[in-house]
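Working through the structure, step by step
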Amino acid sequence: MILLLMGPPGAGKGTQSKRLEEAYGLVQLSTGDMLRAAVASGSDLGKQAKALMDRGDLVPDELIIDMISARIEQDDCAKGFILDGFPRTVPQAEALAAMLADKGLSLDHAIELAVDDDAMVKRITGRYTCAKCGKGYHDEFEKPAKEGVCDKCGSTEFTRRADDKEDTVRNRLDAYHAQTAPILAYYKDEGVLSDVDGMADIDAVTAQLKGVIGQA
Ligand code: AMP
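Attention in this report is confined to the structure presented alongside it. A quick note: this is a predicted structure, and the numbers were derived from the prediction, not measured.

Right, let's get into the overall build of the protein. When helices and strands are tallied, the protein shows 9 helices and 8 strands. Computed over the C-alpha atoms, the radius of gyration of the protein is 17 Å, within 12% of the 17 Å expected from 2.2 N^0.38 for a compact globule of 216 residues. In terms of overall dimensions, the protein has C-alpha extents of about 50 × 40 × 35 Å along its principal axes. Each of the 216 residues in the protein was classed as buried or not, and the buried ones make up 42%. Intrachain contacts of the protein at a sequence separation of at least 6 include 68% that bridge at least 24 residues. As presented, the protein carries roughly 11,000 Å² of accessible surface, and 49% of it is formed by carbon and sulfur atoms. Considering the protein, the positive charge centre built from 26 side chains and the negative charge centre built from 37 side chains are found 6 Å apart.

Moving on, we come to the nonpolar core. Core analysis: the largest hydrophobic core is formed by 33 residues, its most contacted members being Leu 29, Phe 81, Leu 83 and Tyr 187. Among the secondary structure elements, those contributing two or more residues to this core are strand S1 (2-6), strand S2 (27-30), helix H2 (31-41), helix H3 (44-55), helix H4 (61-71), strand S3 (81-84), helix H5 (90-102) and helix H8 (182-190). If you look at the next biggest cluster of nonpolar residues, it comprises 13 residues, including Leu 5, Leu 20, Tyr 24 and Ile 111.

Tallied over the full model, the rule gives 4 aromatic pairs. Between Tyr 137 and Phe 158 the ring centres are 5.8 Å apart and the planes differ by 80°, which places this aromatic pair in the edge-to-face class. Pair noted here: Tyr 137 is in strand S6 (residues 136-138) and Phe 158 is in strand S7 (residues 158-159), with a separation of 21 residues, a long-range link. The buried category is assigned to Tyr 137, whose relative accessible area is 3%. With relative accessibility at 25%, the residue Phe 158 sits in the partly exposed group. Among the aromatic residues, those joined into a cluster by ring pairs are Tyr 128, Tyr 137 and Phe 158. Sitting over the face of the ring of Tyr 137, Lys 135 holds its NZ or CZ atom 4.7 Å from the ring centroid.

Take the site of the ligand next. Taken together, 16 residues lie near the ligand, and Thr 31, Arg 36, Asp 57, Gly 85 and Gln 92 sit nearest. The separation between an oxygen atom of the ligand and a polar side-chain atom of Arg 88 is 3.1 Å. Here an oxygen atom of the ligand sits 3.1 Å away from a polar atom, N or O, in the side chain of Arg 161. Its free accessible area being 480 Å², the ligand has 97% of it covered by the protein chains. Residue composition of the shell around the ligand, by class: 6 nonpolar, 4 polar and 6 charged.

About the cut-offs
Residues numbered from 1 in each chain as written. Predicted model: local features only at pLDDT ≥ 70, side-chain atom pairs only at ≥ 80, totals over all residues. Heavy atoms only, no water. Helix = DSSP H or I, 4+ residues; strand = E, 2+ residues; numbered from the N terminus. Rg over C-alpha atoms; globule rule 2.2 N^0.38 Å. Buried < 20%, exposed > 50% of the residue type's maximum accessible area, 1.4 Å probe, protein only. Contact = heavy atoms within 4.5 Å. Areas by Shrake-Rupley, 256 points an atom, 1.4 Å probe, with all protein chains shown as cover. Lys, Arg positive; Asp, Glu negative; His and termini not counted. Charge placed at Lys NZ, Arg CZ, Asp CG, Glu CD. Core = buried A, V, L, I, M, F, W, Y, C linked by side-chain atoms within 4.5 Å. Phe/Tyr/Trp six-rings, centres within 6.5 Å; stacked < 30°, edge-to-face > 60°. Lys NZ or Arg CZ within 6 Å of the ring centre and 35° of its normal. Near = heavy atom within 4 Å. Polar contact = N/O pair within 3.5 Å; in protein donor to acceptor, adjacent residues only side chain to side chain. Nonpolar A, V, L, I, M, F, W, Y, C, P; charged D, E, K, R; others polar.

Structure follows, in structure tokens:
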């Protein structure tokens, strides 16, 4: 099964992808996570992407398309995958369709998490993760049981994404509306588009997604 979760930054694509990964035995492919790993490793790709990411601009299509096409060749993707943050432009959507067609595959569902922009700024600027195990928290909505200590692994070190500052978030939202939202029409024409209410609480969103996807 091949799923695509769409929605502006902060809509919950990453959180829900992780839940669907477990529920359906799929692999989450987050281009944002891959790029952050490239930046951290100091690779050529990371060097090219860093300044764009820090500003909240999109990384050029050809870099992203090469990165994802290499990733879906890996063995763990054979069981199916969830795309999180890709495609983000019409050329990326067209490249994805060609990559899948080459393998005799096609997208099963493109699901939009429908949310409101102002709420996204609040969600994103308050989020942070445990530096050791990656568990996500939020200043207001999801605090650890004991302040400053990770509930899952006990670590006391936390990190925030460099691009989760308000100005950058607004630029990322603009990029979504200008460059990514037009893909919704593309998937609607393909007959694979559904939408769920991304403003509902996390469990309710997962339940709606499972309703769209159906049985594993
Ligand atoms: P994300 O973690 O999905 O919010 O992505 C973080 C940043 O990585 C974005 O603001 C872009 O700069 C870059 N990025 C991630 N995925 C893509 C993509 N499919 N196309 C272009 N840029 C991307």
